[in-house]
Amino acid sequence: MAAQALALLREVARLEAPLEELRALHSVLQSVPLSELREQAAELRLGPLFSLLNENHREKTTLCVSILERLLQAMEPIHVARNLKVDLQRGLTHPDDSVKILTLSQVGRIVENSDAVTEILNNAELLKLVVYCIGGENLSVAKALIVEISSVSPESLNYCTTSGLVTQLLRELTGEDVLVRATCIEMVTSLAYTHHGRQYLAQEGVIDQISNIIVGADSDPFSSFYLPGFVKFFGNLAIMDSAQQTCERYPVFVEKVFEMMESQDPTMIGVAVDTVGILGSNVEGKQVLQKTGTRFERLLKRIGHQAKNASTELKIRCLDAVSSLLYLPPEQQTDDLLRMTESWFSSLSQDPLELFRGISNQPFPELHCAALKVFTAIANQPWAQKLMFNSPGFVEYVMDRSVEHDKASKDAKYELVKALANSKTIAEIFGNPNYLRLRTYLSEGPYYVKPVSITAVEGAE
């Protein structure tokens, strides 16, 4: 199949008006696996296809764009960056949007590849064209690309800010169109993943503006469109920089998370749950939450309630947040922090261990795995081991391989066994016989099936 595609590609290059050949090539490529095309990547001569884009023939352009999309996928980004620079530059100034989008998506692949990106950054002409092309377009792919380019290095950010494109994005972030605002905050959040990006946003006063918009959201009937993204932005900021500094400097962020948790809107509750999970994923964030005292206890109780009663999707998000909040690496298990996670666990419901065990018995693998993850998160903490040991049937439940039927569940159970078996306090709390059973389970691996012994009975024939 790949050989047929190559032969047609050569025909296209040879002929003056290869419309029939383009149709045939387009049809053949639908059934050639990408892996086969990759093997032939060195043989692919794409110059003639790019040339045909300049003929201003609607069907030819459509066919060429579709064919190039497929063939370029088979090429490594570094090969595209090195060998198709001129074609990319032409594509960026093409009058047809589909050609621009094709070219921008290739630039996107290059930007995401650490080896290939230097080819663009070292090519001022190409970078200028990308920036210019994006400036003239309101394509969302273009905006996302500007953020990707800006994220690569302080130099590339500088290039994009000089062009005025980042400023335009930030203007839309604080503009009147709530839907545009919602897409812009996602892109600004991506920029904030880099140190130089966060510095720039702070210097330009963008973080303060986002905080002020959250403050004003109460009086905006359309705030539900953009508020989730704005709160997520601060959640990510807290984890990237310092949870304490972020929450002290922007108290409205923490306030809004508590407020959203009390909402009746599952979307808002979901964002609050995710944000609490992100915030509490390191010790500094946990301590910030602990300082809010009884308010946080109430929030935990609400998470416990949602984990039991919400939709499956929200239940899973609640369980993931609980796992994140309760996990403590062994080297951080001070008496104070262990007391804290124990009290958090007991705030979730009347009998949290039974709550999560009940959830894990529901016939949904995703829920089952998410509940096992909660047990795994606390498995190396002595208070949790005592709870598990003293809960009737819990140790048997951990050892029982017949509970899990799919690969993900078997893997999740194995992680729980591993966390228990590798803990320094487990032998003392579970007792030696149970400790040895855990070690045996561990050495047998996640997918072990006990051999069924067949006893021959004399005269059974």
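Everything here concerns the structure above.
Computed from a predicted model, the values in this text were never measured in an experiment.

Rules used throughout
- Residues numbered from 1 in each chain as written.
- Predicted model: local features only at pLDDT ≥ 70, side-chain atom pairs only at ≥ 80, totals over all residues.
- Heavy atoms only, no water.
- Helix = DSSP H or I, 4+ residues; strand = E, 2+ residues; numbered from the N terminus.
- Rg over C-alpha atoms; globule rule 2.2 N^0.38 Å.
- Contact = heavy atoms within 4.5 Å.
- Buried < 20%, exposed > 50% of the residue type's maximum accessible area, 1.4 Å probe, protein only.
- Salt bridge = Lys/Arg side-chain N within 4 Å of Asp/Glu carboxyl O.
- Disulfide = S-S within 2.5 Å.
- Axes fitted to C-alpha atoms, helices over the stretch in contact; angles between N-to-C directions.
- Parallel < 35°, antiparallel > 145°, perpendicular 65-115°, else oblique.
- Core = buried A, V, L, I, M, F, W, Y, C linked by side-chain atoms within 4.5 Å.
- Polar contact = N/O pair within 3.5 Å; in protein donor to acceptor, adjacent residues only side chain to side chain.
- Expected span 1.5 Å × (residues − 1).
- Phe/Tyr/Trp six-rings, centres within 6.5 Å; stacked < 30°, edge-to-face > 60°.
- Left-handed = near helix turned anticlockwise from the far one by under 90°.
- Nonpolar A, V, L, I, M, F, W, Y, C, P; charged D, E, K, R; others polar.

### Considering the overall build of the protein chain
Stage number 1. Scanning the protein chain from terminus to terminus reveals 31 helices and 0 strands.
Stage number 2. The C-alpha atoms of the protein chain give 28 Å as radius of gyration, which overshoots the globular expectation for 461 residues (23 Å, by more than 25%).
Stage number 3. Partitioning the intrachain contacts of the protein chain with sequence separation of at least 6 by distance along the chain shows that 68% fall at a separation of at least 24.

### A closer look at the environment of D320
Stage number 1. Within the fold, D320 resides in helix α23 (residues 312–326).
Stage number 2. For D320, a relative accessible area of 31% corresponds to the partly exposed category.
Stage number 3. Each C-alpha atom of the pair D320 and V374 lies 7.4 Å from the other, and the pair is 54 residues apart in sequence.
Stage number 4. If we ignore the near neighbours within four places in the chain, the residues touching D320 are A370 and K373.

### Here we look at the pattern of salt bridges
Stage number 1. Tallied over the full model, the rule gives 21 salt bridges.
Stage number 2. Measuring nitrogen to oxygen at the nearest pair gives 2.9 Å for the salt bridge that ties R198 to D241. Here R198 is found in helix α15 (residues 195–203), whereas its partner D241 is found in the loop between α17 (227–240) and α18 (243–249), with 43 residues between them in sequence.
Stage number 3. Across the pair K407 and D411 runs a salt bridge, and its minimum N-O distance is 2.9 Å. On the criterion of helical spacing, the pair formed by K407 and D411 is a turn pair, its members being 4 residues apart in helix α29 (residues 407–421).
Stage number 4. Overlapping salt bridges, with partners in common, bring together E20, R23 and E59 in one network.

### Quick look at the state of the cysteines
Stage number 1. Counted under the stated rule, the structure contains 0 disulfides.
Stage number 2. You can see C318 has no disulfide; the closest cysteine sulfur is in C369, sitting 17 Å from it.
Stage number 3. Owing to a relative accessible area of 0%, C318 belongs among the buried residues under this scheme.

### Regarding helix α19 (residues 251–261)
Stage number 1. Among the 11 residues that make up α19, 8 are buried, leaving the element largely enclosed by the rest of the structure.
Stage number 2. Listed in full, the buried residues belonging to α19 are V252, F253, V254, K256, V257, F258, M260 and M261.
Stage number 3. Considering only its buried residues, α19 is in contact with α16 (206–216), α17, α18, α20 (266–279) and α22 (294–309).

### Some points on the packing of helix α5 (residues 58–73) against helix α8 (residues 97–112)
Between two packed helices, both the angle of their axes relative to each other and the distance between the axes serve to describe the pair.
Stage number 1. Following both chains from N to C, one finds α5 and α8 inclined at 10 degrees, their axes separated by 10 Å at the closest point. By the criterion of interaxial angle, the relationship of α5 to α8 is roughly parallel. Within the contact between the two elements, α5 uses T61, V65, L68, E69, L72 and Q73 and α8 uses S98, V99, L102, Q106 and R109.

### Observations regarding the nonpolar core
Stage number 1. Counting 155 residues, the largest nonpolar core has L46, L49, L201, F233 and F356 as its most contacted members.
Stage number 2. Excluding its chain neighbours within four sequence positions, the residues that come into contact with F356 are L319, V322, F345, L348, A371, V374 and F375.

### Looking at the side chain of T246
Stage number 1. Tracing the backbone through its elements, the reader meets T246 in helix α18.
Stage number 2. Leave out the neighbours within four places in its chain, and T246 touches F234, L237 and A238.

### Digging into the side chain of Q333
Stage number 1. Inspection of the secondary structure puts Q333 in the loop between α23 and α24 (335–347).
Stage number 2. A polar contact is formed between the side chain of Q333 and the backbone oxygen of L328, at a distance of 3.1 Å.
Stage number 3. Of the polar contacts made by the side chain of Q333, one reaches the side chain of N380; its length is 3.0 Å.
Stage number 4. The contacts of Q333, once residues within four sequence positions are left out, are L328, L338, N380, Q381 and P382.

### Some points on α29
Stage number 1. If you check α29, its first and last C-alpha atoms are 21 Å apart, about what 15 residues at 1.5 Å a residue would give, namely 21 Å.
Stage number 2. Of all the positions in α29, only S409, A412, K413, Y414, L416, V417, L420 and A421 are classed as buried.
Stage number 3. Its buried side turned inward, α29 meets α26 (365–378), α27 (382–390), α28 (394–399), α30 (426–430) and α31 (432–444).

### Considerations on the packing of aromatic side chains
Stage number 1. Tallying each qualifying case throughout the model produces 11 aromatic pairs.
Stage number 2. Note on F296 and W344: the rings are 4.8 Å apart at their centroids and 65 degrees apart in plane angle, and the pair reads as edge-to-face. Here F296, found in helix α22, pairs with W344, found in helix α24; they are 48 residues apart in sequence, far enough to count as distant. We note that F296, like W344, is buried.

### Some points on unusual backbone geometry
Backbone phi values are negative for most residues with the exception of glycine, while trans is the configuration of most peptide bonds.
Stage number 1. For N56, which is not glycine, the phi torsion reads 60 degrees and is therefore positive.
Stage number 2. Examined against the element boundaries, N56 turns out to sit in the loop between α4 (47–52) and α5.
Stage number 3. Classification of N56 as exposed rests on a relative accessible area of 76%.

### Focus on the packing of helix α7 (residues 85–92) against α8
Stage number 1. Where α7 contacts α8, the two axes come as close as 8 Å, and the packing angle between them is 135 degrees. Between α7 and α8, the interaxial angle falls into the category oblique. Of the two elements, α7 crosses α8, and the hand of that crossing is left-handed. Residues L88, G91 and L92 of α7 lie in contact with α8, whose contacting residues are V99, K100, T103, L104, Q106 and I110.
Stage number 2. Tallied by class, residues from the contact of α7 with α8 come to 5 nonpolar, 3 polar and 1 charged.

### A short note on the environment of V180
Stage number 1. The topology assignment puts V180 in helix α14 (residues 178–191).
Stage number 2. Taking relative accessible area as the criterion, V180 reaches 24% and is therefore assigned partly exposed.

### Looking at the environment of K373
Stage number 1. In this fold, K373 is placed in helix α26.
Stage number 2. Judged by relative accessible area, K373 falls into the partly exposed class, the value being 43%.
Stage number 3. With 53 residues separating them along the chain, K373 and D320 place their C-alpha atoms 7.5 Å apart.

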